[in-house]
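Topology and contacts: notes
Read off the chains here:
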Amino acid sequence: MVRNRNTRTKTTFFFTLFTITVFCYFTPVFGFGSSPSLPSHSQHDLSHHNQVTARKFEIANDMFWKDGQPFQIIGGDLHYFRVLPEYWEDRLLRAKALGLNTIQTYVPWNLHEPEPGKLVFEGIADIVSFLKLCHKLGFVVMLRAGPYICAEWDLGGFPAWLLAIEPALRLRTSDPAFLHLVERWWEILLPKVVPLLYENGGPIIMVQIENEFGSNGNDKAYLHHLATLARGHLGDDTILYTINGGTREKLDRGTIREDNVFSAVDFPTASDPWPRFELQKEFNAPGKSPPLSAEFYTGWLTHWGEKIAETDADFTASVLEKILARNGSAVLYMVHGGTNFGFYNGANREDESVYMADITSYDYDAPIRESGDVDNAKFKALRRVIKAYSAVPLPSVPFNNEKTGYGRIHLQKKEFLLDIVDRISSTDVVESENPMSMESVGQMFGFLLYVSEYAAKDDGNILYIPEVHDRAQVFISCSSEDNGGRPIYVGTIERWSNLTFGLPKTECVVNISLYLLVENMGRINHGNYIFDRKGILSSVYLDERILNQWKMIPIPLNNLNEVPKTNPIIQVAYSEFTDVSAHRGAKENVTKEPAFYVGRFSIDKVNLVNDTFISFRGWGRGIAFVNGFNIGRYWPLKGPQCNLYVPAPVLRHGENVVVVLELESPNAELVIDSVDHPDFTCTSSKSNLHRLEQTTHSM
């Protein structure tokens with residue numbers, strides 16, 4: 001599905017950059033410039049550590065030490081699973097040009113084990129190759145092994161199939177059934193990490209235990225168990241660390257000093273960092289508390305319906321300087337955000353009624369933008385600060401990658417979604433007395449169709465579903481009607497505004513078929529509501545009586561790291577394509593019923609294959625695929641994201657195929673546009689609730 005990018009190679013630039021990188025890697029780094037000198041008591045210790053010749057990373061005298069030399073972590077989060085592998089090196093070189101010496105990344109369990117026992121470590125999930133590339137380019141790595149990561153990632157990185165286990169698991173606790181699965185996962189993951197530990201010649205200097213447990217967790221036995229488990233795989237020399245919000249309460253709940261685990265902190269960028277670092281000392285052993293902001297926020301996340309999150313570049317840089325000027329360390333969250341491709345975006349829930357799904361873009365207002373651009377105020381401001389505290393010259397700043405708008409793409413409606421499901425194998429259909437969750441029927445992402453029947457009433461019927469996660473489109477049909485039983489859209493039930501729903505009066509000599517197409521918009525990734533099953537999670541009431549006898553029909557769609565074995569839905573998109581003019585028949589194809597639309601555009605061999613963006617202005621909401629790759633969700637009616645990013649490795653010379661599953665309101669002319677820029681100006685109904693100066697980020 002993803003092909004190598006055919007572009008001109010900037011040989012001279014990358015050779016020069018690589019040479020500088022290798023030089024920097026083998027040069028002791030203590031990037032303080034004209035910053036205040038080390039405390040006087042450390043002079044003897046400096047002499048002692050200079051005698052160390054073995055490859056070693058350690059903590060002593062409230063400092064980090066790398067091969068016997070003081071080391072200041074100037075790092076950034078960059079997640080391999082949010083960037084196509086063909087672009088890993090490009091983004092890492094840009095981080096190097098910013099002045100970073102450390103990369104921090106999560107490990108999402110659900111990406112690597114999408115089904116029980118089905119392990120994936122190839123393609124975008126090839127973590128070993130990513131870590132080796134970091135090493136090649138001269139970075140050290142802080143590895144966030146989980147098993148819970150948050151990260152604005154579906155279910156905080158936990159596999160969705162954990163939610164199908166009965167009795168229900170108690171996630172993030174010392175529940176023996178849950179711990180058994182964590183142990184099994186780490187028995188797979190951590191041995192892959194061992195050869196890449198710093199003391200073994202690799203880049204990994206620290207491994208994180210869990211993530212921000214102090215924000216919501218209350219089971220210290222669970223943390224102790226994880227530390228013991230990690231030590232058993234990684235040995236006693238590797239530094240284990242925790243990250244918690246910089247308050248006494250969160251640090252008290254989330255640190256495990258008894259296991260010699262280093263406690264780092266995060267806090268709002270608007271806060272004065274040094275009182276937080278003084279508090280951090282109380283939760284580390286004497287001499288074992290180098291000041292580290294392990295998530296220094298360069299921006300913020302954005303939910304559908306909010307304005308795109310933005311933070312001031314100069315202010316962000318000034319706070320970073322307060323840390324670096326006094327020999328503190330910081331990890332930029334994010335240095336490069338990337339994209340929530342496929343169905344892996346997360347969501348947040350503040351209380352019982354508020355559910356907020358994350359947009360597809362994870363740009364995060366980071367200094368390296370979603371498409372890799374670095375010609376922006378934030379990159380320049382942060383680089384200016386980092387350069388002042390770096391002991392080595394920084395590499396030259398690369399140019400932005402070229403982006404191309406390939407023009408207008410005319411689409412043709414191929415087939416209604418509800419017609420295609422008739423061709424799904426009966427062996428995949430689940431029948432039960434009451435509705436079952438998505439996880440229980442093995443449909444972890446995307447959509448599940450619930451089908452039942454009811455007898456019509458003269459004055460219509462009242463439908464009520466107490467728990468729908470997250471959005472259900474309602475259709476009814478009568479096989480005795482003249483239209484052959486074509487399903488009629490009657491409305492949408494949403495998790496965040498669930499009320500009784502009136503079904504229209506329908507004269508039908510047989511039972512009326514009821515279709516509920518339920519969309520999983522992303523599982524909650526943080527907080528007390530993380531156990532977030534999807535689908536219909538309650539009885540369905542029709543006129544206050546329970547409606548029984550249900551069929552659950554899975555909708556197989558490509559996800560980020562997996563393609564369904566049989567997929568009649570996507571296959572229909574690649575069937576014979578009839579050329580239509582830009583206007584002929586387009587408006588007759590417009591319907592409120594979910595349908596697949598297909599378009600093609602060509603890239604001539606004389607032109608470069610470059611990044612592009614697909615604009616969905618004028619469309620409703622849905623999912624888009626380019627050459628079989630799921631580029632994510634669009635929802636311009638809600639905003640703020642109008643355009644979806646399409647990396648060049650997804651494209652190819654010659655014909656490119658775009659498949660769109662539009663759920664509710666296609667563009668009247670059935671056109672989309674390939675453009676050369678992002679756009680976050682679509683309709684938004686409220687401001688971003690999560691301002692940096694108001695709340696501590698919970699990654």
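Within each chain, residue numbers correspond to sequence positions counted from 1 in written order. Per-residue local features are limited, in this predicted model, to residues with pLDDT of at least 70; the limit for side-chain atom pairs, both in listing and counting, is 80 or more; totals at the level of whole chains, interfaces and linings are taken over all residues. To obtain the side-chain values, all non-hydrogen atoms of the structure were included, while hydrogens and water were left out.

This is how the line gets drawn: UniProt positions are given in the numbering used here, feature names are shortened, and annotations may be inferred rather than shown by experiment.
Going by an unreviewed UniProt entry, the protein carries the name Beta-galactosidase and comes from Quercus rubra. In its Catalytic activity (unreviewed entry) section, the UniProt record describing the protein reads: "Hydrolysis of terminal non-reducing beta-D-galactose residues in beta-D-galactosides." Regarding the protein, the relevant UniProt record gives this comment under Sequence similarities (unreviewed entry): "Belongs to the glycosyl hydrolase 35 family."

1. Comments concerning unusual backbone geometry
A negative phi angle characterises most non-glycine residues, just as the trans form characterises most peptide bonds. Going by this rule: Secondary structure elements follow DSSP: runs of H or I no shorter than four residues count as helices, runs of E no shorter than two count as strands, and numbering proceeds from the N terminus.
The omega angle of the peptide bond from Gly146 to Pro147 is 10 degrees, so this bond is cis rather than trans. Checked against the element boundaries, Pro147 lands in the loop between strand S6 (140-144) and helix H6 (176-193). In this model, Gly639 is joined to Pro640 through a cis peptide bond whose omega is 5 degrees. Examined against the element boundaries, Pro640 turns out to sit in the loop between strand S30 (629-634) and strand S31 (643-646). A positive phi angle, close to 65 degrees, is found at Gln549, a residue other than glycine. On the secondary structure map, Gln549 appears in the loop between strand S25 (545-547) and strand S26 (550-555). Although it is not a glycine, Asn627 sits at a positive phi angle of roughly 50 degrees.

2. Considering the state of the cysteines
Note: disulfide means a covalent bond formed between the sulfur atoms of two cysteine side chains. As a reminder of what qualifies: When two cysteine sulfur atoms are found within 2.5 Å, that pair is recorded as a disulfide.
Using the criterion set out here, one finds two disulfides in the structure. At a sulfur-sulfur separation of 1.9 Å, the disulfide partner of Cys478 is Cys508. Torsion about the S-S bond of the Cys478 and Cys508 cystine: about 90 degrees, corresponding to right-handed handedness. Of this pair, Cys478 sits in the loop between strand S19 (471-477) and strand S20 (488-494) while Cys508 sits in the loop between strand S21 (501-503) and strand S22 (512-519); the two residues are 30 residues apart in sequence, bridging distant segments of the chain.

3. A short note on the UniProt feature "active site" (unreviewed entry) in the protein
Counted only if it meets this: Counting of polar contacts relies on pairs of N or O atoms within 3.5 Å, with two restrictions inside protein: one atom must be capable of donating a hydrogen and the other of accepting it, and residues adjacent in sequence are counted only when both atoms are side-chain atoms.
Feature annotation in UniProt assigns "active site" (unreviewed entry) to the following positions: Glu212 and Glu295. Across 84 residues of sequence, these annotated residues stay compact in space, with a maximum C-alpha separation of 10.8 Å. Summarising the element assignment, Glu212 is placed in the loop between strand S7 (204-208) and helix H7 (220-234). Following the sequence through the fold, Glu295 ends up in strand S10 (residues 292-297). A distance of 3.2 Å separates a polar atom in the side chain of Glu295 from a polar atom in the side chain of Tyr106.

4. Some details on the sheet that holds S22
Operational definition: Strands are labelled as partners when DSSP assigns at least two bridges between them. Helix axes are fitted only over the stretch in contact, all axes being lines through C-alpha atoms; the angle between N-to-C directions runs from 0 to 180 degrees.
The antiparallel open sheet is built from six strands, whose spatial order is S15-S26-S16-S22-S19-S20. Looking along the sheet, the strands with just one partner apiece sit at the ends: strand S15 (430-432) and S20. Between one strand axis and the next, the sheet turns by 20 degrees as a mean value, whatever way the strands run. Here eight bridges tie strand S16 (residues 447-454) to S22, and the two strands are oriented antiparallel to one another. By the bridge assignment, Tyr454 is partnered in S22 with Ile512.

5. A word on the pattern of salt bridges
Put simply, the rule is: A pair is scored as a salt bridge if a Lys or Arg side-chain nitrogen falls within 4 Å of a carboxyl oxygen belonging to Asp or Glu. To sort residues, take the accessible area from a 1.4 Å probe on protein chains only and compare it with the maximum for the residue type: under 20% means buried, over 50% means exposed, and anything in between is partly exposed.
One pass over the structure, following the stated rule, counts 35 salt bridges. For the salt bridge of Arg408 with Asp673, the shortest nitrogen-to-oxygen distance reads 3.1 Å. Of this pair, Arg408 sits in strand S14 (residues 407-416) while Asp673 is found in strand S33 (residues 671-675), placing the two residues 265 residues apart along the sequence. Here Arg408 falls in the exposed class, since its relative accessible area comes to 52%. Here Asp532 and Arg495 are joined by a salt bridge, their closest N and O atoms 3.1 Å apart. Taken as a pair, Asp532 in the loop between S22 and strand S23 (535-536) and Arg495 in the loop between S20 and S21 lie far apart in primary sequence, 37 residues in all. No difference in accessibility class separates Asp532 from Arg495, as the two residues are buried.

6. Here's the deal with H6
Using the following cut-off: Between the first and last residue of a helix there are one fewer steps than residues, each counted as 1.5 Å, and that sum is the expected span. At every residue, the bend is computed as the angle between two fitted axes, covering the seven residues ending there and the seven beginning there respectively. The criterion used for residue contact is that any of the two residues' heavy atoms lie within 4.5 Å.
Taking 1.5 Å per residue, 18 residues should reach 26 Å; H6 reaches 25 Å between its end C-alpha atoms and fits that length. The sharpest bend along H6 measures roughly 30 degrees and falls at Trp186. Among the residues of H6, Phe178, Leu179, Leu181, Val182, Trp185, Trp186, Leu189, Leu190 and Val193 are the ones counted as buried. Packed against the buried residues of H6 are helix H4 (109-112), S6, S7 and H7.

7. Re the pairing of strand S11 (residues 329-336)
Heads up, the condition is: If the strands point away from the viewer and the path from the first strand over the helix to the second runs clockwise, then the crossover is right-handed.
Within S11, eight of the eight residues are buried, which leaves it mostly tucked inside the rest of the structure. Sheet analysis places strand S4 (residues 74-78) next to S11, joined by four bridges and oriented parallel. If you follow Ile74 over to S11, its bridge partner there is Ala330. Looking at chain direction, S10 and S11 are connected through four bridges and run parallel. In the strand pairing of S11, Tyr297 is matched with Tyr333. For the segment spanning S10, helix H10 (residues 313-324) and S11, crossover handedness is right-handed.

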